[in-house]
Amino acid sequence: QVQLVESGGGLVQPGGSLRLSCTASGMNFINFSSYRMAWYRQAPGKQRELVASILNTGTTNFADSVQGRFTISRDNAKKAVYLQMNSLRPEDAAVYYCNAYLRLGGLFDYWGQGTQVTVSS
C-alpha cells in the first residue's frame, strides 16, 4: 500500500545539476516524519550504494564520493525527500532509488522503482 515514486532523473552533461524528488503515498505525514529517508544508486555491474540519508531529526549523511556536491532534504508536510545533485560526473550515472526505513515495533522498509540518471557529454 505504501508507495515511493521518484522523479527528476534524466540526461545531464558533466558538471551539470539535477534534482531528484521522491513522494510517499499510503502513509500520513506523521508517520512519514518518523522514517529515515535515503537515496541509493546502482550503476551497471556495481553494487547498490547508499548515496545520502536524512534522519527524522534532520541529521544527514553522505557517501564520500558525493560529499560536498549532493544535498539531501525532506519536507514532511509534503511527504517528500529530495536529492540535489551538483557538479555531476560520469561516475554518478546510475539508477537512483528512494528508500524509507523505520524500525519501531516492527520493521518497515520501502523502495521506489528508481529513476535513471545519465551523465554524458
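Let us look at the structure shown here. (Residues numbered from 1 in each chain as written. Predicted model: local features only at pLDDT ≥ 70, side-chain atom pairs only at ≥ 80, totals over all residues. Heavy atoms only, no water.)

**Some details on unusual backbone geometry**
Of all residues except glycine, most have a negative phi; of all peptide bonds, most are trans.
Now for step 1: Phi at Lys79 takes a positive value of approximately 55 degrees, unusual for a residue other than glycine.
Now for step 2: Looking at the secondary structure, you find Lys79 in the loop between strand E7 (70-75) and strand E8 (80-85).
Now for step 3: One non-glycine residue with positive phi stands out, namely Ser87, at about 50 degrees.
Now for step 4: As for its placement among the helices and strands, Ser87 is situated in the loop between E8 and strand E9 (94-103).
Now for step 5: Take Ser87: its relative accessible area is 40%, and that puts it in the partly exposed class. (Helix = DSSP H or I, 4+ residues; strand = E, 2+ residues; numbered from the N terminus. Buried < 20%, exposed > 50% of the residue type's maximum accessible area, 1.4 Å probe, protein only.)

**Re the state of the cysteines**
Now for step 1: Enumeration according to the criterion identifies one disulfide in this entry.
Now for step 2: Covalent S-S linkage joins Cys22 and Cys98, the inter-sulfur distance amounting to 2.1 Å. Because the sign of the S-S torsion sets the handedness, a value of about -80 degrees for the bond joining Cys22 and Cys98 places this disulfide among the left-handed ones. Of this pair, Cys22 sits in strand E3 (residues 18-25) while Cys98 sits in strand E9, and the two are 76 residues apart along the sequence.
Now for step 3: Residue classification places Cys22 among the buried positions, given a relative accessible area of 1%.
Now for step 4: For Cys98, a relative accessible area of 0% translates into the label buried. (Disulfide = S-S within 2.5 Å.)

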